[in-house]
Number of protein chains: 2
Amino acid sequence: MKSLDASTRDRILAVAGTVFYQKGLSGARMQEIADLAGINKAMLHYYFKSKEQLFDTVFQQALGQFLGGIGQVLNGEAALPAKIEQYVAYTTTALAETPGLAAFIVHELQQHPERLSKQFGDSRLVNLDAFRQQLAAANARYQAPHAAEHFFANMVALCVYPVLAQPLLSRLLHQSEAQYRRFLGERAAHITQLLLEQL
Amino acid sequence: MKSLDASTRDRILAVAGTVFYQKGLSGARMQEIADLAGINKAMLHYYFKSKEQLFDTVFQQALGQFLGGIGQVLNGEAALPAKIEQYVAYTTTALAETPGLAAFIVHELQQHPERLSKQFGDSRLVNLDAFRQQLAAANARYQAPHAAEHFFANMVALCVYPVLAQPLLSRLLHQSEAQYRRFLGERAAHITQLLLEQL
DNA sequence: TCATAAATTAACCAGTTGGTTAACTCAAAG
DNA sequence: CTTTGAGTTAACCAACTGGTTAATTTATGA
């Protein structure tokens, strides 16, 4: 059957992503990944010599996807309000498209925080300097120690948490999955407004 | 050596909590739990007939701890501002004391959302009616559809996320663990102020 | 065409893991 | 004293799991 479609390797990576996202490193099974990719276990080890290596590849890809756009937005040329709007829009849509990605990263970093330094060394994951300067310029209160950090933490929390905790939050708000999805759709505008008020 | 101290069962539950919080259901090993509890594997199965049953007990306990106080605060007699302050203070301190608990719940619910209904049936996990009414009374804008839900989601997100994503956020803000802990300590006041401004 | 490398498979293996079993200890009740 | 039941142990087991091997097929390019 060969690799008519996407290369076998890519198919493996895609499938492994969905499995690892849902079950984590320890819960995932090489056999299941192989089955879903339409190959057998030996083939899997042919392309990725170990589960650990396959996982690393998936994790690196996930982290890149999760952090990738953020840096670009935050270090872009846009004025502060536009930048905030971009960040919120980007994050919410990106996360909504890949359910489980945020929870996956949080869970695996909880167990092995060193995976961060492993891939990013001592370099800053995301350079916040430009963003911090824009904040301080917009409102003197963000010159106070930690004030900019709180703003950033708020921004991330408001965007990420509702996606991360969907199973719990949707039940707390006793909404159906469809209702909750609509609710999430509204949030980008809601969050942007809330944050802009803080400037 | 008998059970001089806390009953063996309680010791198992405490130990199993820390192990499950860190490694999840699939990552936890009965042998490790037994070792940490100072017993052997057979004893473990004597008190809990299966890993699944032990896990269920731990998970139920964790969920109770996580949601327990919330309902009481939100349905208490306090006025809205005091209630918000109480919620923030309660949540932040409770989560800070049990590292991994939030990530544990999020991870396991991600995989098996049905665990929620399993334990709470169709009953509301937390009754938000009183809180919603107080919000609507404080500011007419919270009578709009979903407005109260957004406020609640914001409140939870701001409190929980920084604890949940500590490994990632502390690196993004390039802070040491000690610095980050101080940062978290500041947040209760910061969040409360932000939320009260929204009324 | 033929040699060489890539892709693929079935069978197998050793270590791990949840769980069981049968025997043993010991304190309390009768 | 002995019966009884909870507590405890070492040894064991079957299933699972990541990983390997050796042989085979398929593509490739000289």
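Residues numbered from 1 in each chain as written. Chains lettered and ligands numbered in written order. Predicted model: local features only at pLDDT ≥ 70, side-chain atom pairs only at ≥ 80, totals over all residues. Heavy atoms only, no water.

Novice: Lay out helix α1 (residues 8–27) of chain A with the relevant residues and their values.
Specialist: Look at α1 of chain A: only 23 Å from first C-alpha to last across 20 residues, short of the 28 Å you get at 1.5 Å a residue. The axis of α1 of chain A is deflected most strongly, by about 80°, at Y21 of chain A. All of the buried residues along α1 of chain A are T8, I12, L13, V15, A16, G17, V19, F20, Y21, G24, L25 and G27 of chain A. Buried residues in α1 of chain A make contact with α2 (30–37), α3 (41–47), α4 (51–74), α6 (101–111) and α7 (114–120) of chain A together with α1 (8–27) of chain B. (Helix = DSSP H or I, 4+ residues; strand = E, 2+ residues; numbered from the N terminus. Expected span 1.5 Å × (residues − 1). Bend = angle between axes of the 7 residues up to and from the residue. Buried < 20%, exposed > 50% of the residue type's maximum accessible area, 1.4 Å probe, protein only. Contact = heavy atoms within 4.5 Å.)

Novice: Describe in detail the relation of the copies chain A and chain B, supporting the description with residues and values.
Specialist: Taken as rigid bodies, chain A and chain B are interconverted by a rotation of 180° and an axial shift of 0.0 Å, the fit giving an RMSD of 0.1 Å. In short, the pair behaves as if placed about a two-fold rotation axis. Most of the interface of chain A is mirrored in chain B, where 100% of its interface residues are also at the interface. (Least-squares fit on C-alpha atoms with pLDDT ≥ 70 in both.)

Novice: Can you explain the protein's contact with DNA strand D? Please cite residues and give values.
Specialist: As a structural note, the neighbourhood of DNA strand D is formed by 16 residues, with R29, K41, H45 and K51 of chain A together with Y46 of chain B the closest of them. Expressed as a percentage, the sugar and phosphate content of the atoms of DNA strand D within 4 Å of the protein is 58%. Here K41 of chain A contributes a side-chain N or O atom positioned 2.7 Å from a base oxygen of DNA strand D. In this structure, H45 of chain A approaches DNA strand D through a side-chain N or O atom, which is 3.2 Å from a phosphate oxygen. Secondary-structure elements contributing two or more residues to the surface near DNA strand D are α3 of chain A together with α3 (41–47) of chain B. Per-element accounting of the surface near DNA strand D gives the leading share, four residues, to α3 of chain B. (Near = heavy atom within 4 Å. Polar contact = N/O pair within 3.5 Å; in protein donor to acceptor, adjacent residues only side chain to side chain.)

Novice: Any details on the environment of Q198 of chain B? Residues and values, ideally.
Specialist: Note that Q198 of chain B resides in the segment after α11 (177–197). As for Q198 of chain B and A96 of chain B, which are separated by 102 residues in sequence, their C-alpha atoms are 26 Å apart. In this structure Q198 of chain B touches L194, E197 and Q198 of chain A together with N139, R141, Y142 and F151 of chain B, once residues within four positions along its chain are discounted. Within the structure, Q198 of chain B has its side chain in polar contact with the side chain of E197 of chain A (distance 3.4 Å).

Novice: Tell me about the nonpolar core, and please be specific about residues and values.
Specialist: L54 of chain A together with L54 of chain B are the most contacted members of the largest nonpolar core, which totals 142 residues. When neighbours within four sequence positions are excluded, L54 of chain B is seen to be in contact with I12, L13, A16, F20, M30, I33, L44 and F48 of chain B. (Core = buried A, V, L, I, M, F, W, Y, C linked by side-chain atoms within 4.5 Å.)

Novice: I'd like to hear about the domain arrangement of chain A, residue by residue, with values.
Specialist: All names here are of chain A. Under the domain assignment used here, chain A contains domain 1 (1–49) and domain 2 (60–197). Distance between the C-alpha centres of domain 1 and domain 2: 29 Å. Tallying the contact residues gives five residues for domain 1 and ten residues for domain 2. Here domain 1 meets domain 2 over a buried area of about 560 Å², counting both sides, of which 57% is carbon and sulfur. Contact with domain 2 buries surface across domain 1, with L13, Y21 and L25 losing the most and accounting together for 81% of the total. Our count for the domain 1 to domain 2 interface comes out at zero salt bridges. Linking domain 1 to domain 2 there are one residue pair in polar contact (both at pLDDT 80 or more). (Domains from an automatic or database assignment. Buried area = accessible area lost by both parts, 1.4 Å probe. Salt bridge = Lys/Arg side-chain N within 4 Å of Asp/Glu carboxyl O.)

Novice: Give me the lowdown on the side chain of H150 of chain A, citing residues and values where you can.
Specialist: Inspection of the secondary structure puts H150 of chain A in helix α9 (residues 147–164). A relative accessible area of 3% means that H150 of chain A is categorised as buried. Polar contacts involving the side chain of H150 of chain A include one to the side chain of E186 of chain B, which spans 3.0 Å. Once residues lying within four places of it in the same chain are set aside, the contact partners of H150 of chain A are F183, E186, R187 and H190 of chain B.

Novice: I'd like a rundown of the interface of chain A and chain B, residues and numbers included.
Specialist: Between chain A and chain B, the residue contacts involve 51 residues of the former and 51 residues of the latter. The contact between chain A and chain B buries some 5,100 Å² in all, and 65% of this surface belongs to carbon and sulfur atoms. On the chain A side of the interface with chain B, the three residues burying the most area are H150, Y161 and R171 of chain A, jointly 13% of the side's total. At the junction of chain A with chain B, the criterion picks out zero salt bridges. Counting residues per element, the ones that place at least two in the side of chain A that touches chain B are α1, α4, α6, α7, α9, α10 (166–172) and α11 (177–197) of chain A. The biggest single contributor to the side of chain A that touches chain B is α9 of chain A, with eleven residues.

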